Amino acid sequence: MRSDAGIDVFVEFAGDVPSLVAGLKAASAGLPFTLAMVSNRGLKVYPGALPQADFVDHWRCRFASRAPGDELPDGVLGDLLTRISRFARWCHVERLQLMDGTPGFSVAQGQ
């Protein structure tokens, strides 16, 4: 049985990590998600200390469901994308699913 665990939104963003995180947190306010992780080239950059690395302008932003296992309605996902598009260009979305309670998705290095 499949159930939703969250969503990964890949964005193009040329600013710094704190600005990206602030925008993502504001975008998810009031929605059934919480910003769980941001990675760049597979390396976790949020939460926690910023690693010393060369970043590119392509970020994976993981939003965890506040109620894992509940289905996330498409309209709520659309709301999140609309809010994100006000400060960053989203380019790809992946729904994160649990398969019989087991994550069917990968984690970033350091997560």
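Now for a description of the structure that goes with this document.

Calculation criteria
- Residues numbered from 1 in each chain as written.
- Predicted model: local features only at pLDDT ≥ 70, side-chain atom pairs only at ≥ 80, totals over all residues.
- Heavy atoms only, no water.
- Salt bridge = Lys/Arg side-chain N within 4 Å of Asp/Glu carboxyl O.
- Helix = DSSP H or I, 4+ residues; strand = E, 2+ residues; numbered from the N terminus.
- Buried < 20%, exposed > 50% of the residue type's maximum accessible area, 1.4 Å probe, protein only.
- Expected span 1.5 Å × (residues − 1).
- Arc of directions from axis to C-beta.

Turning our eyes to something else, we now look at the pattern of salt bridges. Under the definition given, this model contains 4 salt bridges. Of the charged contacts in the structure, one is a salt bridge between Asp8 and Arg60, with a shortest N-O distance of 3.7 Å. Separated by 52 residues along the polypeptide, Asp8 in strand β1 (residues 2–12) and Arg60 in strand β4 (residues 58–65) bring together distant segments of the chain. The residues Asp8 and Arg60 share a single accessibility class, namely buried. Across the salt bridge formed by Arg89 and Glu12, the nearest N and O atoms sit 3.2 Å from each other. Of this pair, Arg89 sits in strand β5 (residues 89–99) while Glu12 sits in strand β1, placing them 77 residues apart in sequence.

A few words on helix α1 (residues 17–28). With 12 residues, α1 should reach 16 Å at 1.5 Å per residue; the first-to-last C-alpha distance of 16 Å fits that figure. Taken together, the buried positions of α1 are occupied by Val17, Leu20, Val21, Gly23, Leu24, Ala27 and Ser28. All buried residues of α1 fall inside an arc of 165 degrees around its axis, so they share one side. Facing away from the buried side of α1 by more than 90 degrees, the exposed set consists of Pro18 and Ala26. Phi turns positive, to about 80 degrees, at Gly30, one or two residues after α1.

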